[in-house]
Amino acid sequence: MEKVIDQFSVRSGTYSGSANWISDPALIRAHISAAGDRPRGQMLELCCGTGMVGRNFQADGWHVCGVDLTRGMAEEANRFFPCVCSPAERVPFMDRAFDLVLLRQAYFLLDDGQQVLAEAHRLLKDDGLFILSQTVPFSAADAPWLEHIHRTKQAQLKEFFTEETLARELEKDWFAVAQVHRLAVRENITRWMAAAPELSDAKRAEVCSLIADAPEPYRSIHRVAVAGGEITEDWNWVIFAARKKA
Ligand SMILES: C[S@@+](CC[C@H](N)C(=O)[O-])C[C@H]1O[C@@H](n2cnc3c(N)ncnc32)[C@H](O)[C@@H]1O
């Protein structure tokens, strides 16, 4: 956990603008629509970072709280809604306190993902909803090269998930998937790398070239483009809406 804290501590002030996906309106809307038309109640955003998702749920009528391990991130989120600095493995809230628990783009960083799922299960009301989302490969065809990119970029990556392996993880003990939403978000790799101060210049250049010079079929699946000195590509997002197992 110390290395995760180090990585996100140096990024907390600039994090919100460090990649398109963080505030992409279609991606945020997809998370809100995954919650369906249920009454707006208590929502908890786990590993909330600067709270970009929670802020938008708050604007949609939810009463939002957040949790993040990195103090700088929790402090940023706390400007918008109450946020505690705590590991998602042990969250200081009572059983069944929430109607909705959400975790975006952090499951692959967790030392013990099943423990976080157990916490989400404990924190949710019996009829509550858990939303789990992250970037995954589009298919088996782009998975190996995407894993290579992620392992090069993210030293703290604990496991590389596909949609299928993430669903299995979710359904192992604690949840049953009720709905799956998918969408592609256009990412600017040049911007993403310029805002990664935890990486050396050489590592940033390596990630850029792994994408700009990616082999087929990765290149066409991700619609990699290099224009005006900028590298862009599509990222595939999966959003699971899941119900508690009894
Ligand atoms: C890639 S950022 C995503 C932030 C936010 N979920 C979003 O979608 O904008 C990952 C976040 O997870 C947090 N994190 C990682 N491991 C954690 C843990 N075990 N408990 C709580 N937060 C954690 C990091 O501090 C960081 O803020």
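Use the structure listed above.
Reading the values: rules and limits
Residues numbered from 1 in each chain as written. Predicted model: local features only at pLDDT ≥ 70, side-chain atom pairs only at ≥ 80, totals over all residues. Helix = DSSP H or I, 4+ residues; strand = E, 2+ residues; numbered from the N terminus. Rg over C-alpha atoms; globule rule 2.2 N^0.38 Å. Buried ≥ 20, exposed ≤ 12 C-beta atoms within 10 Å, placed from the backbone. Contact = placed C-beta atoms within 7 Å. Near = placed C-beta within 6 Å. Nonpolar A, V, L, I, M, F, W, Y, C, P; charged D, E, K, R; others polar. Axes fitted to C-alpha atoms, helices over the stretch in contact; angles between N-to-C directions. Parallel < 35°, antiparallel > 145°, perpendicular 65-115°, else oblique. Left-handed = near helix turned anticlockwise from the far one by under 90°.

(A) Representation of the overall build of the protein chain. Counting its secondary structure elements, the protein chain contains eleven helices and eight strands. Whereas a compact globule of 246 residues would reach a radius of gyration of roughly 18 Å, the protein chain reaches 17 Å, a difference of no more than 12%. When the backbone C-alpha atoms are referred to their principal axes, the protein chain occupies close to 50 × 35 × 30 Å. Taken over 246 residues, the protein chain has a buried fraction of 39%. Here the contacts in the protein chain between residues at least 6 apart in sequence split such that 72% fall between residues at least 24 apart.

(B) Looking closely at the site of the ligand. In the vicinity of the ligand, 22 residues are found, and the nearest of them are Cys47, Gly49, Leu69, Thr70 and Ala88. Looking at the shell around the ligand, the elements that each hand over two or more residues are α1 (2-9), α4 (52-59) and β2 (63-68). In the shell around the ligand, the residues fall into 16 nonpolar, three polar and three charged.

(C) Seen up close, the environment of Ala242. Secondary-structure assignment places Ala242 in strand β8 (residues 230-244). A tally of 26 C-beta atoms within 10 Å means that Ala242 is categorised as buried. Note: C-alpha distance between Ala242 and Gly13 (229 residues apart in sequence) is 32 Å. Among all residues touching Ala242, those that are not within four sequence positions of it are Phe130, Leu132, Leu170, Phe175, Ala176, Val177 and Ala178.

(D) Quick look at the packing of helix α3 (residues 25-34) against α4. At their nearest, the axes of α3 and α4 sit 10 Å apart, and the two run at 60° to each other. On the basis of the axis angle, α3 is oblique to α4. When the axes of α3 and α4 are compared, the crossing they make is right-handed. The residues of α4 that touch α3, namely those facing Ile28, His31 and Ile32, are Val53, Asn56 and Phe57. Broken down by class, the residue content of the contact of α3 with α4 amounts to four nonpolar, two polar and no charged.

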